[in-house]
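Chain residues, written in single-letter form:
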Amino acid sequence: MKSILITGGAGFIGSHVVRLFVNKYPDTTIVNMDNLTYAGNLENLRDVVSQPNYRFVKADICDYAQVKKILSDFEVTGIIHLAAESHVDRSITDPFIFAHTNVIGTLTLLQAAKEQWARDRDGCLFYHVSTDEVYGSLEHGGFFVETTPYDPKSPYSASKAASDHFVRAFYNTYKLPALVSNCSNNYGPYQFPEKLIPLFINNIRCNKPLPVYGKGENVRDWLFVEDHARAIDVIFHHGRVGDTYNIGGFNEWKNIDLIRLMIRVTDRLLDRPEGASEKLITFVTDRAGHDLRYAIDSTKLKTELGWTPSLQFEEGLEKTVRWYLSNQAWLDSVTSGEYQRYYEQMYNR
Ligand code: NAD
Ligand code: TYD
């Protein structure tokens, strides 16, 4: 049986990719490799664990010997690499873990794949999942395209940019079959509630303050996570080796407008008067070096591979709010322990 290794499969986007691949490709073994940091949660995959083509291995992408063994044991021919430290605020507090996981971890996987596929790399592919944040901040309009020069501004985006460069260096130097995609902000079920959308839905539900950075004027381009997973599937199977694909939904929202929409939807679903939770909006000190605007041009992906997003934002947001409100047990399990300490440190200073 053919094997695909998915790293970071217990995280937010990774769990959706694992679910899609396990269900869609029953004749392929899907190996989920994750070392279960605070962001990794096997509860995210409860519905796929009993599928015969699913395997989980707890392992660190920075551990060369372990990675090498997994690639060899499962005779892996495809790697979809999502494991990373992914939260900008955490990267501002502790940049070293970002360099370690995102740069050294990616390099470790690349080197192990190069060794594993040294004799025969026919049909093999290393797919690196990256972010639009590597392109920097759009202060003067326009969109990020695949050829926009890299200009990362946060420790997180700097570490992702470095990892992208290593992937392209391995393609160029060793002819490792590799490609990269850069996606805009994702939202949807199973996102760790340190990121804007799940954090605010949870705080609205609990009547807690909604900490809006600065004046709430920063702009993000939001994509439903299942649409990202579908794009990864299309690119993994049909993308051109060595290429880059931007993924986004042409769906830009100023933070404060998005927050007001989230409040209306959440209040309605909680049977509160619509807009009642606006009183929770609290403007707080801005994030250091806060990127003003991200916006992705995904025309290449649409014209070359036929991918388009399936959901309108209002529909996707309502689906997402409903999911968080009806999965309280999941929220409780991921917001106990370490999360409480993080929240105190981050928002009560
Ligand atoms: P996440 O933080 O929810 O999940 C990351 C996963 O990686 C977790 O399961 C964690 O346990 C695992 N992990 C971390 N360090 C590891 C290590 N050393 N070894 C093995 N596993 C490890 O992240 P996410 O939001 O799902 O993002 C996944 C990928 O997509 C990342 O590479 C991120 O840069 C990229 N991305 C995210 C977004 C977004 O909006 N969330 C947008 C574009 C790209
Ligand atoms: P986030 O979800 O952390 O994603 P990213 O920083 O990778 O885009 O944040 C999305 C936007 O929301 C970003 O402009 C920062 C802002 N934000 C807040 O205003 N308050 C918060 O508590 C958080 C977590 C984010």
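Worth saying up front: this structure is predicted, and the values here are computed from it rather than measured.

Right, let's get into the side chain of Asn44. With respect to the helices and strands, the residue Asn44 is situated in the loop between strand 2 (28–34) and strand 3 (54–58). There is a polar contact of 3.1 Å between the side chain of Asn44 and the backbone oxygen of Ala10. Sequence-distant contacts of Asn44, defined by excluding residues within four places in its chain, comprise Ala10, Gly11, Phe12, Ser15, Arg19, Tyr190 and Trp330.

With that settled, the discussion passes to the environment of Asn202. On the secondary structure map, Asn202 appears in helix 6 (residues 196–205). Judged by relative accessible area, Asn202 falls into the buried class, the value being 9%. Spatially, the C-alpha atom of Asn202 lies 13 Å from that of Ser336, the residues being 134 residues apart in sequence. Leaving out residues up to four positions away in the same chain, Asn202 has contacts with Leu331 and Thr335.

The strand order 3-2-1-4-5-6-10 describes an open sheet built from 7 strands, whose pairing is parallel. A strand with exactly one partner marks an edge of an open sheet, and here the two such strands are strand 3 and strand 10 (244–247). In this sheet, adjacent strand axes meet at a mean angle of 20° when their direction is disregarded. Examined bridge by bridge, strand 1 (residues 2–7) and strand 4 (residues 76–81) share 5 bridges and lie parallel to one another.

What follows is about the sheet that holds strand 11 (residues 252–254). Strand order in the open sheet formed by 3 strands is 7-9-11, and the pairing between neighbours is mixed. A single partner strand is all that each edge strand has here, and the edge strands are strand 7 (185–187) and strand 11. Taken pair by pair, the neighbouring strands of this sheet meet at an average axis angle of 50°, ignoring direction. Here 3 bridges tie strand 7 to strand 9 (residues 219–224), and the two strands are oriented parallel to one another. Each residue of the ladder has a partner; that of Tyr187, found in strand 9, is Phe224. Docked against the sheet, helix 8 (residues 255–269) engages strand 9 and strand 11, running at close to 90° with respect to strand 11.

Parameters and conventions
- Residues numbered from 1 in each chain as written.
- Chains lettered and ligands numbered in written order.
- Predicted model: local features only at pLDDT ≥ 70, side-chain atom pairs only at ≥ 80, totals over all residues.
- Heavy atoms only, no water.
- Helix = DSSP H or I, 4+ residues; strand = E, 2+ residues; numbered from the N terminus.
- Polar contact = N/O pair within 3.5 Å; in protein donor to acceptor, adjacent residues only side chain to side chain.
- Contact = heavy atoms within 4.5 Å.
- Buried < 20%, exposed > 50% of the residue type's maximum accessible area, 1.4 Å probe, protein only.
- Pairing = 2+ DSSP bridges.
- Axes fitted to C-alpha atoms, helices over the stretch in contact; angles between N-to-C directions.

Such coordinate-based values are descriptive only and should not be taken to indicate function.
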